[in-house]
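# Descriptive structure summary
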Amino acid sequence: MEVVKFALVGIICAVLVVVVRQQRPELAVIVQLAGIIVLAILSIEYMKNIFAETDGLFSEVEFLNDGYLELLVKILGIAVVTKIGSDICKDSANSALATVVELVGKAVILAMCLSLIKTLAEISKGLLK
């Protein structure tokens, strides 16, 4: 039933954004951001559970102990924040800015993945020998 709570908060926020956009368009983005923050706060407990479970799940895998799981979680967070930022820009009729936000997010993710790519290449090289 928790999903219903999240859905209702999202629907209420969407309706508020539509109403505010008709009366004061400059405040619609602020209402939208407030809804995002409320949903993020509501989901914190679930995120804690996910991190606690995955920490024990991958503790026996040797190469994941080097911080790669943390890296993957950070990358996931960057992807989510980038997508939300891009969508807010698109909703505000700034598609060019949305594209730049997506591009920067992808560049940051690629930069963070370089060590993981290097490790995978070394593992592959070792397997080929």
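Keep in mind that this is a model prediction, so the values were computed, not measured.

Below, the discussion takes up unusual backbone geometry. A positive phi angle is found at A93, which is not glycine, with a value near 65°. The exposed category is assigned to A93, whose relative accessible area is 68%.

Given a rise of 1.5 Å per residue, 22 residues ought to cover 32 Å, and the 32 Å separating the end C-alpha atoms of helix α1 (residues 2–23) matches this to within 8%. All of the buried residues along α1 are C13, V17 and V20. When α1 is viewed along its axis, its buried side chains cluster within an angular range of 75° and face the same direction. Away from the buried face of α1 by more than 90 degrees, exposed residues V3, I11, I12 and Q22 are located.

Next up on the list: the packing of aromatic side chains. Following the criterion strictly, the structure yields one aromatic pair and no others. Ring geometry for F6 and Y46: centres 5.8 Å apart, planes at 65°, overall edge-to-face. You can see F6 sitting in helix α1 and its partner Y46 sitting in helix α2 (residues 25–57), a full 40 residues away along the chain. By relative accessible area, which is 36% here, Y46 ends up partly exposed.

Quick look at the pattern of salt bridges now. Per the counting criterion, the structure on display carries four salt bridges. With a shortest N-O distance of 3.0 Å, E2 and K5 are connected by a salt bridge. Of this pair, E2 and K5 both sit in helix α1, three residues apart, which is roughly one turn of that helix. For E2, a relative accessible area of 36% corresponds to the partly exposed category. Its salt-bridge partner being R24, residue E26 comes within 3.0 Å of it at the nearest N-O pair. With a relative accessible area of 45%, R24 lands in the partly exposed category.

By size, the foremost hydrophobic cluster in this structure holds six residues: Y68, L71, I75, I109, C113 and L116. Of all the secondary-structure elements, those providing two or more residues to this core are α3 (68–91) and α4 (95–128).

Here α3 contains 24 residues, and its C-alpha end-to-end distance of 34 Å stays within 8% of the 34 Å for a straight helix at 1.5 Å per residue. Taken together, the buried positions of α3 are Y68, L69, L71, I75, T82, S86, I88 and C89.

Contact geometry of α3 with α4 gives a least axis separation of 8 Å together with a crossing angle of 170°. In this view, α3 runs roughly antiparallel relative to α4, as classed from their interaxial angle. Looking at the contact of α3 with α4 residue by residue, the class counts come to 15 nonpolar, seven polar and three charged.

The next thing to look at is the state of the cysteines. Per the stated rule, a full pass over the model turns up zero disulfides. Here C89 stays free of any disulfide, with the sulfur of C13 as its closest cysteine sulfur at 16 Å.

Turning our eyes to something else, we now look at the environment of I78. For I78, the position within the fold is in helix α3. Sequence spacing of I78 and I109 is 31 residues, and the spatial spacing of their C-alpha atoms is 7.2 Å. Apart from residues no more than four positions distant in its own chain, I78 is found in contact with G105, V108, I109 and M112.

What counts and how
- Residues numbered from 1 in each chain as written.
- Predicted model: local features only at pLDDT ≥ 70, side-chain atom pairs only at ≥ 80, totals over all residues.
- Heavy atoms only, no water.
- Buried < 20%, exposed > 50% of the residue type's maximum accessible area, 1.4 Å probe, protein only.
- Helix = DSSP H or I, 4+ residues; strand = E, 2+ residues; numbered from the N terminus.
- Expected span 1.5 Å × (residues − 1).
- Arc of directions from axis to C-beta.
- Phe/Tyr/Trp six-rings, centres within 6.5 Å; stacked < 30°, edge-to-face > 60°.
- Salt bridge = Lys/Arg side-chain N within 4 Å of Asp/Glu carboxyl O.
- Core = buried A, V, L, I, M, F, W, Y, C linked by side-chain atoms within 4.5 Å.
- Axes fitted to C-alpha atoms, helices over the stretch in contact; angles between N-to-C directions.
- Parallel < 35°, antiparallel > 145°, perpendicular 65-115°, else oblique.
- Nonpolar A, V, L, I, M, F, W, Y, C, P; charged D, E, K, R; others polar.
- Disulfide = S-S within 2.5 Å.
- Contact = heavy atoms within 4.5 Å.

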